[in-house]
Amino acid sequence: MTIRIAMWSGPRNISTAMMRSFENRADCTVVDEPFYAAYLAETGLDHPMRDEVLAAQPTDWRAVADGLAAAGGDLVYEKHMAHHMLPGFGLDWVRDCRNAFLIRDPAEVLASYVAKRGEVRLDDIGVVQQRAIFEREADRLGKAPPVVRGADVTADPRGTLSRLCDALEIEFSEAMLNWPAGARDSDGVWAPAWYDSVWKSTGFSTPERTAYPPLPDDLRRIADAARPHYEAMLAHRL
């Protein structure tokens, strides 16, 4: 039986490094942001490499969900951006996954995000959608699903990933701690616009603490609106 893990994150976290970590396991295949094209097609948003993304993936969320259900193998790791799950996109397929949540402080997300895209809204960082999926899954399970903070993974990869694997009821593998540098065939077509740091990486490392300048008022308002949702999940972190 295939075990499917859905990891829900927002942008500017360590979501791609986490995908690398799982892909380096001998028993795991990965899927990179499968709803991205459907999200762009529905919203009309202008993201880097938009045309390439739309050409590379199904633009109907139902086709994406069907494709995920058909994926085989011992372990399938799905990297999802929570903000890609628009209100009209069904979530019934999620119940067939072991769902986990990767979080980062909204102020840090915003400070990093605007370096890649000049405009940002609350919906763009996915915290509200992430919490909604978290609450849905908690209601279904009768307990909180696993939550990991990106900073905890980089500070203690072995310990945090071991706890995550325990919570997902899979065995931890030492192979998750390091991987070869470079691109992967599994990377989304958008990788050249976003994955430069991951392509250079060979494992998790604790980066030097970035001294972000104070957020301007418009971004501070977004961070303040996102914080209750972030903190509700943070309370359950492993």
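All of these numbers come straight from a predicted model, not from anything done at the bench.

So, how was this worked out
- Residues numbered from 1 in each chain as written.
- Predicted model: local features only at pLDDT ≥ 70, side-chain atom pairs only at ≥ 80, totals over all residues.
- Heavy atoms only, no water.
- Pairing = 2+ DSSP bridges.
- Helix = DSSP H or I, 4+ residues; strand = E, 2+ residues; numbered from the N terminus.
- Axes fitted to C-alpha atoms, helices over the stretch in contact; angles between N-to-C directions.
- Contact = heavy atoms within 4.5 Å.
- Buried < 20%, exposed > 50% of the residue type's maximum accessible area, 1.4 Å probe, protein only.
- Polar contact = N/O pair within 3.5 Å; in protein donor to acceptor, adjacent residues only side chain to side chain.

Lay out the sheet that holds strand β1 (residues 3-9) with the relevant residues and their values.
Taken together, the five strands give an open sheet; going across it, the order is β2-β3-β1-β4-β5, and neighbouring strands pair in parallel fashion. Strands at the two margins of the open sheet, each flanked by one partner only, are β2 (28-32) and β5 (147-149). Taking each pair of neighbouring strands and ignoring which way they run, the sheet shows an average axis angle of 25 degrees. Inspection of the sheet shows β1 paired to strand β4 (residues 98-103) by four bridges, in the parallel sense. Opposite alanine 6, over in β4, you have asparagine 99 as the bridge partner. Set on the sheet, helix α8 (residues 157-168) makes contact with β1, β4 and β5; between it and β4 the angle comes to about 150 degrees.

Account for the environment of proline 157, naming residues and giving values.
With respect to the helices, strands and loops of the structure, proline 157 is situated in helix α8. For proline 157, a relative accessible area of 18% translates into the label buried. As a C-alpha pair, proline 157 and aspartate 139 span 18 residues in sequence and 29 Å in three-dimensional space. Contact partners of proline 157, with chain neighbours within four places excluded, come to Ser162, Leu177 and Phe204.

Please set out the environment of tryptophan 93 residue by residue, giving values where relevant.
Checked against the element boundaries, tryptophan 93 lands in the loop between β3 (75-81) and β4. Using a relative accessible area of 8% as the deciding quantity, one classes tryptophan 93 as buried. The spacing of tryptophan 93 and alanine 65 is 28 residues in sequence and 6.6 Å in space, taken between C-alpha atoms. Discounting residues that sit within four places of it in the chain, tryptophan 93 has contacts with Arg4, Trp8, Phe35, Ala65, Leu68, Glu78, His80 and Met85. Within the structure, tryptophan 93 has its side chain in polar contact with the backbone oxygen of glycine 90 (distance 3.0 Å).

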